[in-house]
Amino acid sequence: MRHLLFFTILLIPCLLMAQTATVQGVVRDDENRPLPDASIAVTGHAAVTSGANGAYHITVPAGQGIVLRFAYPGADVVERELDLKPGEVRKLDVVIRSTVIGPVTVTSNRLRDAGIDKLNARTSHFQPSLGDVNSLLQGSLGVMTRNELSSGYNVRGGNFDENLVYVNGIEVYRPFLVRSGQQEGLSFPNPDMIERIHFSAGGWEPRYGDKLSSVLDITYRRPREFDATVSASLLGGSATVGSAMAHQRLRQITGFRYRTLSTILKGLDTQGDYIPTYTDLQSYWTYDLSDKVELGFLGLYSRNRYDVIPSDRETELGNFNQALRYTVYFEGQQRTAYETFSGALNLNVRPSKEMLLKFTGSAFNTYETERMDILGEYRLGELDRNLASEQFGEVVRDLGIGAYLDHARNSLEATVISATHTGSWVWGRKNNLQWGIEARTEQISDRLSEWYMVDSAGYSIPQLNNGLLELNSSVKSRIDLHSLRTAAYVQNAWEWNTARGHKWALVAGVRGQNWSYNGQTVISPRARLAFHPAWRKAVAPGDTVRRDYSFWLAAGSYYQPPFYRELRNFQGQLNPEVRAQESIHFILGMDRQFQLWERPFKFTTELYYKALSKLIPYELDNVRIRYYAENNAKGYATGIDMKLNGEFIKGVESWASLSVMNTMEDLDGDYFYRYFNKYGERTDGAETLDRTPADSVRVDAGYIPRPTDQRVNFALFFQDEMPRWPTFKVHVNLLFGTSLPYGPPNATRYADTLRTSLYRRVDIGFSKQLLGAPGQEKTGVLRHVKDLWLSLEVFNLINLNNTVDYTWVQDVQGRYYGIPEFLTPRRINLKLIARF
C-alpha cells in the first residue's frame, strides 16, 4: 500500500498536466500590426499578456469547453470558444479591431481612415534615438527631420509651426524662445503612456484644427490592470505606472521622465560646461460616474533648464583648394529655463449607443527666460594644403580676426485657456455625424532685450559716417497680447457598397474660425473620398485570393491664422494686419496590404500638390523661426511620398520611406540690382579688379526655394533578430536628405539660395531580452517582471558631420564666410528597460 500511494502521488502532476492544453499565436490590430500587452485569459484562471511582437503562449484546461478572452485597452473584448484535447497545442492568431476607446468613438474602418498613418508607440523603446515620440514620424509620409537634438519636424515643405499636435484632444505647444535643439528638452507626449498615434500629412478632416501641414493625434492609455515601465540610461530615466481601481471604474496612468544630454553635447565643436536638465511629470485619470458618464483629468508639469559656459570652438571647413579653420575663445555663459503647467478636465456623456457628447476645459501656462552674455574672440585662418610642407594642416594666413558680443535678457509668459464641446452621432447604418465648437483665450506677455555686436579687426560692423557706434542688431520691446479665438466645425461620413462588393466612403464637412485680434474669419471646406475595390486574383483553377487595395482622393482649404510668433517681425514689433496663411490641398493616394514570405506588409503612396497663398516669409536660425510678419508671398509644394512597412522578420515591424518634393515661393517686390564696371564685368565677381559700378540691371528674384526645400528624403528603420537566439535583436535607423537652402543673415530672402551639405545619419541599437522570453521560468521577485531588456545604442555610427546652421564671419576684404555648425558626432548610450 505504501508503494501504491507513493506512485499515485507521483502520477498526480502527470495526470494534471495531461488535462491541460496549450494555445499560442499572435495578437494583431486591424492594420496587421502586432499588439503588445494584450491580455489573454480563461475565465477563472490567471491571465497572460502578449509580448513586444504580439506573441502569446497560454496553458488552458483541456477536455472541456472554454472561452478564451482577448482584451486590449481601447478595444472590445474578443472571445473564442475552444474545446481542446489533453496535451494539444493549438495555434490561434487573433485580430482585435478598435471600435471604442474609453467613451470616445474611434472609427477603425479602413476606408474612413484612408491617408492616416497609425504608429506603434512601443517602437520608440527600441528605436536608437533620444526617446521622443517624434522619432517615430521619421518614416511617415512627407516627414523630414534633420536635427537629432530637436523634437521638431517638417512636413511637405512646411515648418514646425505648421503642424498640429494633440494629446487627448488638447493642442500642445513647443517653447517660444528656443534657439537650438538642445534647449528644447522633452517633448510633451510621453511614449510609455501612449495608446494610439495617428498621423496625417495632408487632407485631414474638419474636426482637426487650422494649420497648413500636418496633424499628429495622440491618445493616452486607460489601463485595465496594474502595469509599470521603468527605464534607465546614460541620458536619463523614466518611470510609468498604470492601474485600475474600484472595479475598473477608476483608472490612472502616471509618468515621470528625466533627461540630461551632457554626454551628447560634449561632442559638439563648441566645448564647455554643459548642464542640461529636463524633467516632466504627467498623470491621466478617468472615473466612470455611471455606465454612460465618464470624468477625466490630464495634468502636466514640465521644467527644462539649459545652462552652458562655453570655452572654445574649432571648426575646419572648405575644400582642398581652400581649407579654412575657424577658432573662437569664449567668455560668459548662457542660461535658459522653461517651466510649463497644463491641465485638462473633460466630461464624456453617452446618452445612447449612437451618440457621444464631450465637454472639455483646459489651461496651459508657460514661463520662459533667456539670459545670455557671451563674448567670442575669433580667428579665421587659411590652412597649408601642401602635402610636402612641414606646416601642412596649420594656419599660414589670417583671413579675419575679430570679436562679437551676444547679449540677451528675454522673458515670455503665455497662458491659453479653452472650452470645447464635441459630439458624434451614428445615424442610419453607416453614417457618422460629428460636430464641435471651441472658445479660446490667449494672453502673452513678452519682454525682449537683446543685441549683437561684431568687432572685426578693431572696427565695429556696421560702420557709420557720423562716428556713432551702431550695433549689428538690436531688439528691445515690451509686448502684451490678449485675444479670443472661436472655432466650429461639422462633418459627416457616409459609407456604401456598390456592385461586386466594392466599398466607398466619403467624409466631408466645413470648419470656421474667428480671431478677435485681427478680426478675420476663415472658412475651410474639406472632403475625402475613399474606394476599396473587391478585387480578387486567381491563383489556381477555382481558387482566388483577395487583392487588398484602397484608393483615396482628398481636397480642401486649410488656413493657419497667425499665432504670436507670426505677428512679430525682426524688430520685435507686432503687425496687427497679418492675415491667415492659406493652403489648398490636392491629394491622390493608395495603399495595398499583402503577404510576403507569409508575413503582413503594407505599401502606401500619396501624390500631392499644395497651392500656397498669403504666406508669411521666414528665415531659419538653427531651430528658431524668424518671421517677416507680412503676408507678401505665394508659393507651392508638390511631390510624391512612398512607404513600405511590414515584418521582414516575423513578429518584428520595420519600414522604409522615400519622399521627392519641391517647394518654392515668390515674394512681392523681391528684387535686387546687379552692378557692372565700365568693362562690363560684375563688380561682385571673385576675380574682378575694378569694382567701381558703372551700370546696373534690376533682377526680379521670382520663385525661390522655401527654407525647407529638401528635394529627396529617405528613412529606414530595420529590425532583425538572431535565428537561433531570438532574444537578441538589432535595430538600425538610417536617414538621408538632400541639401537645404540658406543664405547670409539679412532680410533679403532672394539671397537664400545657397545649399547646405547632405544630411546622412545611421544609428544602431543592440537589444537583449534578459527576462520575459516565451517559456522562460521566473522565480522570487523576478516573477513580477514581464520583460527586461538591455540595449546598447550607437548614435551617428559613421561619425559624419551634419550641418544645422551657419555662423557668418567677414574677412579683411569684406567677404563673408559661412562657418557650419555641426550636430553631434558618434556617441554611445546604454539603456535598461523593465516592464511589470
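Residues numbered from 1 in each chain as written. Predicted model: local features only at pLDDT ≥ 70, side-chain atom pairs only at ≥ 80, totals over all residues. Heavy atoms only, no water.

A.B. asks: How would you summarise the overall build of the chain if you had to cite specific residues and measurements?
C.D. replies: A count of helices and strands for the chain gives four helices and 51 strands. Rg of the C-alpha trace for the chain: 30 Å, near the compact-globule value of 28 Å for 836 residues, within the 12% margin. Based on the C-alpha atoms only, the size of the chain along its principal axes is roughly 115 × 65 × 60 Å. The buried share of the chain, taken over its 836 residues, is 54%. For the chain, contacts bridging at least 24 residues in sequence account for 67% of all contacts bridging at least 6. (Helix = DSSP H or I, 4+ residues; strand = E, 2+ residues; numbered from the N terminus. Rg over C-alpha atoms; globule rule 2.2 N^0.38 Å. Buried < 20%, exposed > 50% of the residue type's maximum accessible area, 1.4 Å probe, protein only. Contact = heavy atoms within 4.5 Å.)

A.B. asks: Before we move on, could you go through a nonpolar patch on the surface and cite the residues and values that matter?
C.D. replies: A grouping of Trp425, Trp427, Trp494, Trp496, Leu529, Leu553, Leu588 and Leu607 is seen on the molecular surface, where their side chains present a nonpolar patch of about 730 Å² in accessible area. If you list the elements that add at least two residues to the nonpolar patch, you get β25 (395-427) and β28 (473-497). Within the secondary structure layout, Leu553 lies in strand β33 (residues 548-560). (Patch = residues over 30% accessible without salt bridge, like charges linked within 9 Å, V, L, I, M, F, W, Y side chains within 5 Å. Areas by Shrake-Rupley, 256 points an atom, 1.4 Å probe, with all protein chains shown as cover. Salt bridge = Lys/Arg side-chain N within 4 Å of Asp/Glu carboxyl O.)

A.B. asks: Tell me about the environment of Phe795, and name the residues and values.
C.D. replies: Among the secondary structure elements, Phe795 is positioned in strand β48 (residues 787-795). Those residues within four positions of Phe795 in sequence are excluded, and the remaining contacts are Pro128, Ser129, Leu130, Leu235, Ile264, Arg761, Val762, Asp763, Pro825, Arg826, Arg827 and Asn829.

A.B. asks: Can you break down the sheet that holds strand β17 (residues 214-220) residue by residue, with the values?
C.D. replies: With mixed pairing, the five strands of this open sheet are ordered in space as β11-β16-β17-β14-β15. If you trace the sheet from one side to the other, it starts and ends with β11 (117-119) and β15 (170-171), each paired once. By the bridge criterion, six bridges tie strand β16 (residues 194-200) to β17 in an arrangement that is antiparallel. Each residue of the ladder has a partner; that of Arg196, found in β17, is Thr219. (Pairing = 2+ DSSP bridges.)

A.B. asks: Which residues make up the pattern of salt bridges, and what are the values?
C.D. replies: Within the structure shown, the criterion is met by 47 salt bridges. A salt bridge links Glu184 to Arg174; its shortest N-O distance comes to 3.2 Å. Of this pair, Glu184 sits in helix α2 (residues 181-184) while Arg174 sits in the loop between β15 and α2, and the two are 10 residues apart along the sequence. Given the relative accessible area of 3%, Glu184 is considered buried. On the basis of relative accessible area, Arg174 is assigned to the buried category, the value being 12%. A salt bridge links Arg755 to Asp709; the shortest N-O distance between them is 2.8 Å. Taken together, the residues span a long stretch of sequence, with Arg755 in strand β46 (residues 754-755) and Asp709 in the loop between β42 (703-705) and β43 (712-722) at a distance of 46 residues. Taken together, the salt bridges that share partners define one network made up of Glu171, Lys211, Arg440, Glu442 and Arg485.

A.B. asks: Could you give an account of the side chain of Gln769, with specific residues and numbers?
C.D. replies: Considering the arrangement of structural elements, one finds Gln769 in strand β47 (residues 759-771). Side-chain polar atoms of Gln769 contact the side chain of Asp787, separated by 2.9 Å. (Polar contact = N/O pair within 3.5 Å; in protein donor to acceptor, adjacent residues only side chain to side chain.)

A.B. asks: Explain the packing of aromatic side chains residue by residue, including any values.
C.D. replies: For any two aromatic rings, the description comes down to two numbers: the centre-to-centre distance and the angle of the planes. Under the definition given, this model contains 35 aromatic pairs. Among the aromatic side chains, those forming a connected cluster through ring pairs are Phe594, Trp597, Phe601, Phe648 and Phe718. Arg485 extends its terminal NZ or CZ atom over the ring of Trp515, reaching a point 4.1 Å from the ring centre. (Phe/Tyr/Trp six-rings, centres within 6.5 Å; stacked < 30°, edge-to-face > 60°. Lys NZ or Arg CZ within 6 Å of the ring centre and 35° of its normal.)

A.B. asks: How would you summarise the confidence of the model for the chain if you had to cite specific residues and measurements?
C.D. replies: Within the chain, residue pLDDT values average 86, and 91% of them lie at 70 or more. Throughout residues 4-18 the model reports pLDDT below 50, and contacts reaching past four residues in sequence, or to other chains, amount to two contacts. Of the regions scoring below 50 in pLDDT, residues 99-108 engages in 33 contacts with residues more than four places distant in sequence or in other chains. (pLDDT = per-residue confidence, 0-100.)

A.B. asks: Describe the sheet that holds strand β6 (residues 78-83), and please don't skip the residues or the numbers.
C.D. replies: Across the sheet, which stays open at both edges, the four strands sit in the order β3-β2-β5-β6 with antiparallel pairing between neighbours. The sheet terminates laterally at β3 (48-49) and β6, the two strands that pair on one side only. Here strand β5 (residues 65-71) runs beside β6; their pairing, made up of six bridges, is antiparallel. When the bridges of β6 are listed, Val67 appears paired with Glu81.

A.B. asks: Could you give me a rundown of the nonpolar core, with the residues and numbers involved?
C.D. replies: Tyr153, Ile197, Phe199, Leu216, Ile218 and Tyr220 are the most contacted members of the largest nonpolar core, which has 27 residues in total. Where this core is concerned, the elements lending two or more residues are β14 (163-167), β16, β17 and β22 (293-318). Apart from the residues within four sequence positions on either side, Tyr220 is in contact with Val167, Asn168, Phe188, Pro189, Asn190, Met193, Ile194, Glu195, Gln282, Tyr284 and Leu298. Core analysis: the second largest hydrophobic core is formed by 21 residues, Val27, Ala38, Tyr56 and Val60 among them. (Core = buried A, V, L, I, M, F, W, Y, C linked by side-chain atoms within 4.5 Å.)

A.B. asks: Account for the pairing of β33, with residues named and values stated.
C.D. replies: Of all 13 residues in β33, 10 are buried, a share of seventy percent or more. Looking at chain direction, strand β30 (residues 520-532) and β33 are connected through six bridges and run antiparallel. Directly across from Ala530, in β33, lies its bridge partner Trp552. Both β33 and strand β34 (residues 581-596) contribute to a ladder of 13 bridges, which runs antiparallel. For Trp552, the partnering residue across the bridge sits in β34 and is Gly589.

A.B. asks: Help me get a handle on the pairing of β5, residues and values and all.
C.D. replies: Across four bridges, the pairing between strand β2 (residues 39-42) and β5 is antiparallel. Across the sheet, the residue bridging to Ala41 is Arg69, located in β5.

A.B. asks: Give a detailed account of unusual backbone geometry, specifying residues and quantitative values.
C.D. replies: Despite not being glycine, Lys614 shows a phi value in the positive range, around 55°. Within the fold, Lys614 resides in strand β35 (residues 599-615). The class of Lys614 is partly exposed, set by a relative accessible area of 39%. Its identity as a non-glycine residue notwithstanding, Asn622 has a phi of 60°, on the positive side. Counting through the fold element by element, Asn622 comes out in the loop between β36 (618-621) and β37 (624-627).

A.B. asks: How would you summarise the side chain of Ser39 if you had to cite specific residues and measurements?
C.D. replies: Here Ser39 is to be found in strand β2. Owing to a relative accessible area of 18%, Ser39 belongs among the buried residues under this scheme. In contact with Ser39, not counting residues within four places along its chain, are Ala47, Val48, Arg69, Phe70 and Ala71.

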